[in-house]
Amino acid sequence: YGAACFIDGMSKRYQSVLGENAEIIVTGGLGEVILPLCSEKYIYEGNLIPDGLRIIYNFNKKLW
């Protein structure tokens, strides 16, 4: 419950700073378990970092 409250609280804080509805993306293996406990709807991307690193690797591989 603590992680769910953290995500909800940080989401509200970011939205107050941005002044608009921002889409929040939750990443990582436990995000799938935590999101049902959150009071808001968020986007879940379990492999965001590995996918991003693969894209960067493939891009750099083309440059050499």
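Residues numbered from 1 in each chain as written. Predicted model: local features only at pLDDT ≥ 70, side-chain atom pairs only at ≥ 80, totals over all residues. Heavy atoms only, no water.

Overview of the nonpolar core
Listed in full, the 8 residues of the largest apolar core are Ala4, Ile7, Ile24, Val26, Ile34, Leu35, Cys38 and Tyr42. Leave out the neighbours within four places in its chain, and Leu35 touches Val26, Tyr42 and Tyr44. (Core = buried A, V, L, I, M, F, W, Y, C linked by side-chain atoms within 4.5 Å. Buried < 20%, exposed > 50% of the residue type's maximum accessible area, 1.4 Å probe, protein only. Contact = heavy atoms within 4.5 Å.)

Looking at the side chain of Asp8
Mapping Asp8 onto the fold places it in helix α1 (residues 2-18). Beyond its immediate chain neighbours, meaning those up to four positions away, Asp8 contacts Cys38, Ser39, Glu40 and Tyr42. (Helix = DSSP H or I, 4+ residues; strand = E, 2+ residues; numbered from the N terminus.)

Description of α1
In a regular helix each residue adds 1.5 Å, so 17 residues correspond to 24 Å; α1 covers 24 Å between its end C-alpha atoms and thus fits that length. All buried positions along α1 are accounted for by Ala4, Ile7, Asp8 and Ser11. Buried residues along α1 cover an arc of 95 degrees about the axis, so they all sit on one side. Exposed positions of α1 whose direction lies more than 90 degrees from the buried face are Gly2, Cys5, Phe6, Arg13, Ser16 and Val17. Considering only its buried residues, α1 is in contact with β1 (25-27) and α2 (31-34). Directly after α1, the chain includes Gly19, whose backbone phi takes a positive value near 75 degrees. (Expected span 1.5 Å × (residues − 1). Arc of directions from axis to C-beta.)

Any functional reading would require information beyond the geometric quantities listed.
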